[in-house]
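# Secondary and tertiary structure notes
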Amino acid sequence: MMLTREQAAFYEETGYLRVPGVFSPAEVRALSAELDAVIAVWATTNEGWTGPWRRAYMDGDLERRSKLTHINDFHLHSGAWLRAAAHADLVDLVGGLLGSHEVELHHSTLHAKPPETGMPFPMHQDSPFYRHEGAAYVDAVVHVDDATRENGCLRFLTGSHRRGHLEHITREPDGTPCSPHLPTDRYRLIDTLECPAQAGDVVLFSIYTVHGSDINRTGAVRRLVRLGYRDPRCIQTGGFGLDRPGWMVRGVRPPAGGGAAAA
C-alpha cells in the first residue's frame, strides 16, 4: 500500500488524509479484543480535557456527565498494538507523507468516547502536546469502530496546517492550568469538514492541522488509537515524550537524529 500522487496532493492541500482498509477485518478483530483487555486493566475514565471550552460545547448537566476513556503509550501494553504500530502498509504511507525512509514511532494514545456522553474535543492542534521543530510529524488515527457524525468522528479545518503552530488557551479565567485548545469564538466545529471512517481505516494528519470532534450521542462506545510518527531528524522541543527515544519502525536511526536520539 504505497502513497499515490493523488493522496499526497490531497494531504498537502488539506492537511489530512483518510486511507480505507489499511487493517483487514481479521486484524481489526484482534486489535479490538486486545484494546478491550487493556482498557479493562489500564485505562482511565474521567472528565477528560479541562478548560472553558467545555461550557461552550456542552450545557451544565451534559458537561458534568461527559467522560473520556484514555491511556498513553498504548503499544506498551499490547503485543497486537505494537505490531500494528509497525504495520508495513501504515508505515509506508507515513513515510511517504514524511518524505523519509526513516520513520520513528513517538507515542500512542487511546481515546474512547463512552456511550451517549462521550467527550467532544475542542478545536486544537496536536503540536502543543508534543512540540517539534518543523513539520515532519504525522499523526495516524487507527479506527477500531466505525466513526460517524453521530458518535463523534474527526473534523478538520482544511488547509490550517499551513499556518504552523498556533498559540492555544492553556489556562482557565482564574489562572488554573487547563488542556490546550483554540478560542471557541474563532475556531468552530461548524466550520470544519467531517471525516467519517470505517473500522480498519486510518486517518493521517499533520501535527499542525486544526481539528476537533463532537460528542458521542449513540448507545455504543467509539474507540480509536492515535499513533504519532516522525522523521527522527525532527527535533522535539517540549511536551509529552521529550528526551526519550521512540521506536524505529522503518529504516535505521540516523547518527544526527533529533532530540530523542540523543537521550
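Residues numbered from 1 in each chain as written. Predicted model: local features only at pLDDT ≥ 70, side-chain atom pairs only at ≥ 80, totals over all residues. Heavy atoms only, no water.

Relative to the helices and strands, Q236 is located in strand β15 (residues 236–239). Reaching out from Q236, the side chain makes a polar contact with the backbone oxygen of G238 at a distance of 3.0 Å. A distance of 2.8 Å separates a polar side-chain atom of Q236 from the backbone oxygen of F240. (Helix = DSSP H or I, 4+ residues; strand = E, 2+ residues; numbered from the N terminus. Polar contact = N/O pair within 3.5 Å; in protein donor to acceptor, adjacent residues only side chain to side chain.)

Bringing the pairing of strand β4 (residues 103–113) into the picture now. Remark: a regular strand shows side chains that alternate across the two faces of the sheet. Counting buried residues in β4 gives eleven out of eleven residues, a clear majority hidden from the surface. Bridge count for strand β3 (residues 68–72) against β4 is four bridges, and the pairing is antiparallel. The residue of β4 that forms the bridge with T69 is A112. Relative to strand β16 (residues 247–250), β4 runs antiparallel, the two being bridged by three bridges. For L105, the partnering residue across the bridge sits in β16 and is W247. (Buried < 20%, exposed > 50% of the residue type's maximum accessible area, 1.4 Å probe, protein only. Pairing = 2+ DSSP bridges.)

A cluster of nonpolar side chains, namely L76, L82 and W247, defines an oily patch on the protein surface of about 290 Å² accessible area. The topology assignment puts L76 in the loop between β3 and α5 (79–85). (Patch = residues over 30% accessible without salt bridge, like charges linked within 9 Å, V, L, I, M, F, W, Y side chains within 5 Å. Areas by Shrake-Rupley, 256 points an atom, 1.4 Å probe, with all protein chains shown as cover. Salt bridge = Lys/Arg side-chain N within 4 Å of Asp/Glu carboxyl O.)

Our focus in this paragraph is the packing of aromatic side chains. For the structure shown, the criterion picks out eight aromatic pairs. Consider the rings of Y16 and F156, whose centres lie 4.3 Å apart with planes at 10 degrees: the pair is stacked. Of this pair, Y16 sits in strand β1 (residues 16–19) while F156 sits in strand β8 (residues 154–156), and the two are 140 residues apart along the sequence. By the burial criterion, Y16 is buried, and F156 matches it. Put simply, the rings of F10, Y16, F156 and F205 pair up and form one aromatic cluster. (Phe/Tyr/Trp six-rings, centres within 6.5 Å; stacked < 30°, edge-to-face > 60°.)

Read these as geometric descriptors, not functional statements.
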